[in-house]
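Residues per chain are reported as follows:
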Amino acid sequence: YGLGVTFHRSGKPDLAVNALDRLFANASLQDVRSKTVFDQARTLYGQVQEELAKRQHPDAFKAVENLRAELESLSGYPVRVTDGVFKDKTSAIIQMAWKHGRDHHLVKHRTGLPEDLLTHQMAHELTHLQLEAEARKAGRNKFFTSTDRTEQPVLKRLEGDIRKLQRQGLPARASEDLMIALIRGLVGFLFNCPLDMLIETRLRQRMPVLSASQFLALRLGIQDALESN
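Residues numbered from 1 in each chain as written. Predicted model: local features only at pLDDT ≥ 70, side-chain atom pairs only at ≥ 80, totals over all residues. Heavy atoms only, no water.

Caption draft 1: Looking closely at the packing of aromatic side chains. A full pass over the atoms with the stated rule returns four aromatic pairs. Where Y77 meets W98, the ring centres are 6.0 Å apart and the plane angle is 70°; that geometry is what we call edge-to-face. Of this pair, Y77 sits in the loop between helix 3 (32-75) and strand 1 (79-84) while W98 sits in helix 4 (residues 97-100); the two residues are 21 residues apart in sequence, bridging distant segments of the chain. Aromatic rings pair up to connect F24, Y45 and F215 into one cluster. Directly above the ring of F86 sits K108, whose terminal nitrogen or CZ lies 5.5 Å from the centroid. (Phe/Tyr/Trp six-rings, centres within 6.5 Å; stacked < 30°, edge-to-face > 60°. Helix = DSSP H or I, 4+ residues; strand = E, 2+ residues; numbered from the N terminus. Lys NZ or Arg CZ within 6 Å of the ring centre and 35° of its normal.)

See below:
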């Protein structure tokens, strides 16, 4: 922790991050006094990552634009970017040209997202495109979804819960619609969560210039999820 503080004060945020990484990886809680050190280290880690993200931003932006150009060539469609408001706290999504019958891919990000975080979200969504374009080129792209046929057995097992909702005053149709929405949400999570982890691992390995904005973006996602719950 002392090394982290020293490097931070010396204007070397990259070395401060390395020192704090070692702390979190190797240090253990020895007694109650250690808690203060860990709390201060976590606060410092966030500050250092914010400084590092600003320092890395020009190079990160250039790397993401290069990825965008590469994927436009690979997929055969241009990538357009817009902002908007999401009902939930989603940071960004990508709509593939071939799924939406368009002559372009569309990345939509949350309005007001800081530039430092936007570079990471762009890289994340572009990597979704990269994986799918590579799979299509190899003839191995698959689409996973639930159907009425696969949902009905699950609804059958949830009949007790549906009746409980109805006894609490929720109409029958609304009770079933709620369960269907939960089923589809769970299926989407089971598919997307491992895929997102794969993407973040790939970004960590292949685009280290995004490391700080990646940390900040993932931290924001966790904070949003905790606030929603």
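Caption draft 2: Structural view of the layout of surface pockets. Empty space within the largest pocket amounts to approximately 1800 Å³. Breaking the lining of the largest pocket down by element, the ones donating at least two residues are strand 2 (92-95), helix 5 (115-137), helix 8 (172-206) and helix 9 (211-228). Looking at the lining of the largest pocket residue by residue, the classes come out as 18 nonpolar, 14 polar and 12 charged. Taken as a whole, the second largest pocket holds about 190 Å³ of empty space. Every residue lining the second largest pocket is listed: D14, V17, N18, D21, Y45, Q49, L52, R204, S211, A212 and F215. Among the secondary structure elements, those contributing two or more residues to the lining of the second largest pocket are helix 2 (13-26), helix 3 and helix 9. At four residues, the largest contribution of residues to the lining of the second largest pocket is made by helix 2. Taken together, the residues of the lining of the second largest pocket sort by class into five nonpolar, three polar and three charged. (1 Å grid on protein atoms, 1.4 Å probe; cavity = no way out; pocket = protein on both sides within 12 Å on 5 of 7 lines; lining within 4 Å. Points joined across faces, edges and corners; volume = space filled by probe spheres on them. Nonpolar A, V, L, I, M, F, W, Y, C, P; charged D, E, K, R; others polar.)

Caption draft 3: Representation of the pairing of strand 3 (residues 105-110) in the model. Examined bridge by bridge, strand 1 and strand 3 share six bridges and lie parallel to one another. Bridge pairing in strand 3 links V81 to V107. Sheet topology places strand 2 next to strand 3; four bridges connect them, and they run antiparallel. Its bridge partner being in strand 3, I93 is matched across the sheet by K108. (Pairing = 2+ DSSP bridges.)

Caption draft 4: Fine view of the pattern of salt bridges. Applying the stated criterion to the full structure yields 14 salt bridges. A salt bridge links E132 to K99, with the shortest nitrogen-to-oxygen separation between them at 3.3 Å. On the criterion of sequence distance, the pair formed by E132 in helix 5 and K99 in helix 4 is long-range, its members being 33 residues apart. Overall, E132 belongs to the buried group, its relative accessible area being 11%. In this structure, R173 engages D177 in a salt bridge whose closest nitrogen and oxygen atoms are separated by 2.8 Å. With R173 and D177 both in helix 8, this residue pair falls four residues apart, about one helical turn. Among the residues examined, D177 registers a relative accessible area of 38% and is labelled partly exposed. Taken together, the salt bridges that share partners define one network made up of K35, D39 and R42. (Salt bridge = Lys/Arg side-chain N within 4 Å of Asp/Glu carboxyl O. Buried < 20%, exposed > 50% of the residue type's maximum accessible area, 1.4 Å probe, protein only.)

Caption draft 5: Region of interest: the environment of A225. Counting through the fold element by element, A225 comes out in helix 9. Classification of A225 as partly exposed rests on a relative accessible area of 38%. For the pair A225 and K89, spaced 136 residues apart in the sequence, the C-alpha separation amounts to 7.9 Å.

Caption draft 6: Structural view of the packing of helix 5 against helix 9. The interhelical angle for the contact between helix 5 and helix 9, taken along N-to-C directions, is 90°, at an axis separation of 8 Å. As judged from the angle between their axes, helix 5 and helix 9 are roughly perpendicular. For the pair formed by helix 5 and helix 9, the contact residues are D116, L117, T119, H120 and Q121 on the first element and S213, Q214, L216, A217, L218 and L220 on the second. Broken down by class, the residue content of the contact of helix 5 with helix 9 amounts to five nonpolar, five polar and one charged. (Axes fitted to C-alpha atoms, helices over the stretch in contact; angles between N-to-C directions. Parallel < 35°, antiparallel > 145°, perpendicular 65-115°, else oblique. Contact = heavy atoms within 4.5 Å.)

Caption draft 7: The side chain of Q49, seen in detail. Looking at the secondary structure, you find Q49 in helix 3. In this view, Q49 contacts V17, A212, F215 and L216; residues no more than four positions away in its chain are not counted.

Keep in mind these numbers describe shape, not what the thing actually does.
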